[in-house]
Amino acid sequence: MERILNLMLIRFGVIAGGLVVLALLIFAVALILKRRGRLDDVRRYADPAVRAGMRAAARRLDERRRRGASGTQRRDGWR
């Protein structure tokens, strides 16, 4: 039991560390783009992709609400 808990703790640490590194990397890229004056250009290009992603997430959430709160059923009817 202790071995399983240790593995879970290590996995959590690796995932959390990865997320922190990813956030720092995104922050560094945004800072570099801002200093070079290109952040507005990137925002203009990324805006349609972000909007499309938000629409897709909203559609997925609406489908889940229509199917029920549990979300255990898939589209093909299998659990």
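Right above here is the structure, for reference.
Residues numbered from 1 in each chain as written. Predicted model: local features only at pLDDT ≥ 70, side-chain atom pairs only at ≥ 80, totals over all residues. Heavy atoms only, no water.

A. Structural detail: the overall build of the chain. Regarding its fold elements, the chain presents two helices and zero strands. Each of the 79 residues in the chain was classed as buried or not, and the buried ones make up 1%. Counting every atom, the chain has about 7,900 Å² of accessible surface; 62% of that belongs to carbon and sulfur. (Helix = DSSP H or I, 4+ residues; strand = E, 2+ residues; numbered from the N terminus. Buried < 20%, exposed > 50% of the residue type's maximum accessible area, 1.4 Å probe, protein only. Areas by Shrake-Rupley, 256 points an atom, 1.4 Å probe, with all protein chains shown as cover.)

B. Representation of helix α1 (residues 2-36) in the model. Between its first and last C-alpha atoms α1 spans 51 Å; for 35 residues at 1.5 Å apiece the expected length is 51 Å, and the two agree. Two residues or fewer past α1, glycine 37 is found with a positive phi of approximately 80°. (Expected span 1.5 Å × (residues − 1).)

C. Spotlight on the pattern of salt bridges. Using the criterion set out here, one finds two salt bridges in the structure. Between aspartate 41 and arginine 44 there is a salt bridge, with the nearest N and O atoms lying 2.5 Å from each other. One end of the pair is aspartate 41 and the other is arginine 44, both in helix α2 (residues 39-67) and three residues apart, which spans about a single turn. A relative accessible area of 25% places aspartate 41 in the partly exposed class. Under the relative-accessibility criterion, arginine 44 is labelled exposed at 53%. (Salt bridge = Lys/Arg side-chain N within 4 Å of Asp/Glu carboxyl O.)

D. Spotlight on a nonpolar patch on the surface. Together, Ile15, Leu19, Leu22, Leu25, Ile26 and Val29 make up an exposed nonpolar region whose accessible area comes to about 590 Å². Structurally, leucine 25 can be placed in helix α1. A relative accessible area of 52% places leucine 25 in the exposed class. (Patch = residues over 30% accessible without salt bridge, like charges linked within 9 Å, V, L, I, M, F, W, Y side chains within 5 Å.)

E. Region of the structure containing α2. Taking 1.5 Å as the rise per residue, α2 with 29 residues should run 42 Å; its terminal C-alpha atoms sit 41 Å apart, in good agreement. Of all the bends in α2, the greatest reaches close to 40° and is centred on alanine 46; the proline proline 48 follows between one and four positions later. Phi turns positive one or two residues past the end of α2, at glycine 68, with a value near 125°. (Bend = angle between axes of the 7 residues up to and from the residue.)

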